[in-house]
Amino acid sequence: MPLSVAVLMDPISSIKTAKDTSFAMLLEAGRRGHTLHYLEQGDLALRDGVAWARCAPLTVHDDPHRWFTLGKPDWRELRGINVVLMRKDPPVDAQFIYDTMVLEAAQRDGVAVINDPRALRDCNEKLFALAFPHCIAPTLVARDADELRRFVAEHGEVVLKPLDGMGGRGIFRVKAGDSNLNSMLEILLGGDARGQDRQLAIAQKYIPEISAGDKRILVVDGEPVPYALARIPQGNEFRGNLAAGGRGEGVPLSERDRWIVAQVAPELRRRGLLFVGLDVIGDYLTEINVTSPTCVRELDAQFGLNIAGQLFDVIERQVSGNRPA
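Quick summary incoming for the structure in this document. (Residues numbered from 1 in each chain as written. Predicted model: local features only at pLDDT ≥ 70, side-chain atom pairs only at ≥ 80, totals over all residues. Heavy atoms only, no water.)

### Things to note about the overall build of the protein chain
Part 1 of the reasoning: Scanning the protein chain for helices and strands turns up 8 helices and 18 strands.
Part 2 of the reasoning: Over its C-alpha trace the protein chain gives a radius of gyration of 20 Å, about what one expects of a compact globule, namely 20 Å for 325 residues.
Part 3 of the reasoning: When the backbone C-alpha atoms are referred to their principal axes, the protein chain occupies close to 60 × 45 × 40 Å.
Part 4 of the reasoning: The 325 residues of the protein chain split such that 51% are buried.
Part 5 of the reasoning: Within the protein chain, counting contacts between residues at least 6 apart in sequence, those at least 24 apart form 66% of the total.
Part 6 of the reasoning: Accessible area of the protein chain: about 14900 Å², with a carbon and sulfur share of 48%.
Part 7 of the reasoning: If you average the places of the 39 positive and of the 44 negative side-chain charges in the protein chain, the two averages end up 1 Å apart. (Helix = DSSP H or I, 4+ residues; strand = E, 2+ residues; numbered from the N terminus. Rg over C-alpha atoms; globule rule 2.2 N^0.38 Å. Buried < 20%, exposed > 50% of the residue type's maximum accessible area, 1.4 Å probe, protein only. Contact = heavy atoms within 4.5 Å. Areas by Shrake-Rupley, 256 points an atom, 1.4 Å probe, with all protein chains shown as cover. Lys, Arg positive; Asp, Glu negative; His and termini not counted. Charge placed at Lys NZ, Arg CZ, Asp CG, Glu CD.)

Written out as structure tokens, the structure is:
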């Protein structure tokens with residue numbers, strides 16, 4: 001049965017269709033005959049506890065020059081929509097958190113929100129991986145600059161990151177004794193001269209296997225896609241992120257990759273995280289991406305897959321199971 005599917009995303013006019021996973025989902029929904037609606041972050045509202053959205057009818061086309069058509073937007077109750085794809089990119093700031101609260105109200109009224117809005121609030125993409133300590137490299141999360149310096153001295157070479165970044169922004173690679181370490185910590189921790197109001201930062205032991213790629217493993221309802229996209233650093237760059245110039249190369253999952261997925265999958269299912277991207281370097285899980293995981297278009301193109309089709313199989317079963325007999 002056709003569904004009504006709304007997508008909350010960043011401006012569709014600015015996407016790169018060859019790489020955009022939200023676009024892959026919309027194309028699949030259109031192929032299945034589902035009705036599409038489009039909204040951005042400013043288009044949500046709560047009226048007397050009921051979630052509303054200003055939605056525009058949307059049609060998508062697999063054409064790099066003319067990939068979407070929008071109709072006139074109109075306010076409507078979200079409980080009249082079957083599915084909301086929450087695909088807003090980070091940062092997960094206060095406004096993002098408020099959006100999940102509006103979407104949770106829609107969820108209470110029977111709307112299938114992908115991914116679950118509570119999980120989007122609770123599962124920080126850097127911190128969530130620490131729930132699986134047997135899968136990760138040595139890691140420290142702290143606001144204290146001295147503690148972070150001690151961690152760098154202990155492990156010799158470390159990667160420092162903000163907790164709310166994406167696309168490789170704000171990531172530093174540093175060795176013990178580096179004279180730039182204090183400056184890096186000032187940037188990451190922020191705060192005033194007395195060290196007040198500092199932000200948490202994350203430090204991970206540097207994993208040399210990054211030279212072979214930072215693998216993005218996509219997981220659909222707890223099941224891994226059989227191929228990962230290894231994002232391989234280029235030139236003198238240590239970051240593999242595609243947004244930082246990394247080269248994407250599809251690779252089959254290793255036994256270790258599958259083991260990591262098996263460790264994480266039950267918790268993903270429990271939290272309603274239907275579509276997730278695990279980042280794995282060498283033998284280690286480094287991040288669990290839950291907000292707007294990418295790499296579907298690249299893997300589909302390289303291996304003849306239809307990952308969005310797998311996701312919509314799950315969504316349609318879920319919606320069908322929620323309908324009254």
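There's plenty left to go through after this.
### As for the nonpolar core
Part 1 of the reasoning: In this structure, Leu-78, Leu-278, Leu-285 and Ile-288 are the most contacted members of the largest nonpolar core, which totals 44 residues.
Part 2 of the reasoning: A total of 5 residues in this core trace back to one element, the largest contributor, which is helix H2 (residues 94–108).
Part 3 of the reasoning: Among residues more than four places away in sequence, those in contact with Leu-78 are Leu-44, Ala-51, Trp-52, Ala-53, Val-84, Leu-103, Ala-106 and Val-111.
Part 4 of the reasoning: Listed in part, the 37 residues of the second largest apolar core include Leu-3, Ile-307, Ala-308 and Val-319. (Core = buried A, V, L, I, M, F, W, Y, C linked by side-chain atoms within 4.5 Å.)

### Looking at the layout of surface pockets
Part 1 of the reasoning: Reported here for the second largest pocket is a volume of approximately 340 Å³.
Part 2 of the reasoning: Its residues assigned to classes, the lining of the second largest pocket shows 11 nonpolar, 5 polar and 4 charged. (1 Å grid on protein atoms, 1.4 Å probe; cavity = no way out; pocket = protein on both sides within 12 Å on 5 of 7 lines; lining within 4 Å. Points joined across faces, edges and corners; volume = space filled by probe spheres on them. Nonpolar A, V, L, I, M, F, W, Y, C, P; charged D, E, K, R; others polar.)

### A word on the pattern of salt bridges
Part 1 of the reasoning: Overall, the coordinates contain 25 salt bridges when judged by the stated rule.
Part 2 of the reasoning: Glu-104 is the partner of Arg-121 in a salt bridge, and the nearest nitrogen-oxygen pair spans 2.7 Å. Residue Arg-121 is located in helix H3 (residues 117–122), and its partner Glu-104 is located in helix H2; the two are separated by 17 residues in the primary sequence.
Part 3 of the reasoning: On the basis of relative accessible area, Glu-104 is assigned to the buried category, the value being 15%.
Part 4 of the reasoning: The partner of Arg-231 in a salt bridge is Asp-214, with the nearest N and O atoms 3.2 Å apart. In this pair, Arg-231 is assigned in strand S15 (residues 227–232) and Asp-214 in strand S13 (residues 214–220), connecting sequence segments 17 residues apart.
Part 5 of the reasoning: For Asp-214, a relative accessible area of 9% corresponds to the buried category.
Part 6 of the reasoning: Where salt bridges share partners, they join Glu-28, Arg-31, Arg-32, Asp-313 and Glu-316 into one cluster. (Salt bridge = Lys/Arg side-chain N within 4 Å of Asp/Glu carboxyl O.)

### Quick look at the sheet that holds strand S10 (residues 157–162)
Part 1 of the reasoning: Here we have 4 strands laid out as an open sheet, ordered S9-S12-S10-S11, and antiparallel in their pairing. Each end of this open sheet is capped by a strand with a single partner; those strands are strand S9 (139–142) and strand S11 (172–175). Each strand axis lies, on average, 25° off the axis of its neighbour in the sheet, ignoring direction.
Part 2 of the reasoning: Looking at chain direction, S9 and strand S12 (residues 201–205) are connected through 4 bridges and run antiparallel. Bridging across to S12, Val-141 finds its partner in Ile-202. (Pairing = 2+ DSSP bridges. Axes fitted to C-alpha atoms, helices over the stretch in contact; angles between N-to-C directions.)

### Observations concerning the pairing of strand S17 (residues 275–281)
Part 1 of the reasoning: Most of S17 sits out of view: 7 of its 7 residues are buried.
Part 2 of the reasoning: On S17, burial covers both faces: Phe-275, Gly-277, Asp-279 and Ile-281 on one face and Val-276, Leu-278 and Val-280 on the other are all buried.
Part 3 of the reasoning: Bridge count between S13 and S17: 7 bridges; the pairing is antiparallel. Bridge pairing in S17 places Leu-218 opposite Gly-277.
Part 4 of the reasoning: In this sheet, strand S18 (residues 284–289) lies alongside S17 in antiparallel orientation, the contact comprising 5 bridges. Looking across to S18, one finds that Gly-277 is bridged to Asn-289.
Part 5 of the reasoning: Connecting S17 to the next strand, S18, in antiparallel fashion are 2 residues, including Gly-282 with a positive phi near 60°.

### Thoughts on the side chain of Glu-287
Part 1 of the reasoning: Take Glu-287: it is sitting in strand S18.
Part 2 of the reasoning: In this structure the side chain of Glu-287 is engaged in a polar contact, spanning 3.1 Å, whose partner is the side chain of Lys-161.
Part 3 of the reasoning: With residues near it in sequence (within four places) discarded, Glu-287 still touches Glu-125, Lys-126, Ala-129, Lys-161, Gly-277, Leu-278 and Asp-279. (Polar contact = N/O pair within 3.5 Å; in protein donor to acceptor, adjacent residues only side chain to side chain.)

### Notes on helix H6 (residues 255–270)
Because each turn of an α-helix spans 3.6 residues, side chains separated by three or four positions in sequence point in the same direction.
Part 1 of the reasoning: Over its 16 residues, H6 extends 24 Å from the first C-alpha to the last, a length consistent with the 22 Å expected when each residue adds 1.5 Å.
Part 2 of the reasoning: A bend of about 40° at Val-264 is the largest found in H6, and the proline Pro-266 appears one to four places after it.
Part 3 of the reasoning: Those residues of H6 hidden inside the fold are in contact with S13, strand S14 (223–224), strand S16 (247–252), S17 and S18.
Part 4 of the reasoning: In the segment just after H6, Gly-272 is the residue with positive phi, at about 75°. (Expected span 1.5 Å × (residues − 1). Bend = angle between axes of the 7 residues up to and from the residue.)

### Overview of empty space enclosed by the protein
Part 1 of the reasoning: Summed over the entire model, instances satisfying the criterion amount to 1 cavity of 30 Å³ or more.
Part 2 of the reasoning: Within this model, the largest cavity holds a volume of roughly 40 Å³.
Part 3 of the reasoning: The wall of the largest cavity is formed by Met-25, Leu-85, Met-86, Arg-87, Ile-114, Asn-115, Phe-275, Thr-291, Pro-293 and Leu-311.
Part 4 of the reasoning: If one sorts the elements of the lining of the largest cavity by residue count, strand S7 (residues 83–87) sits on top with 3 residues.
Part 5 of the reasoning: Residue classes in the lining of the largest cavity are distributed as 7 nonpolar, 2 polar and 1 charged.

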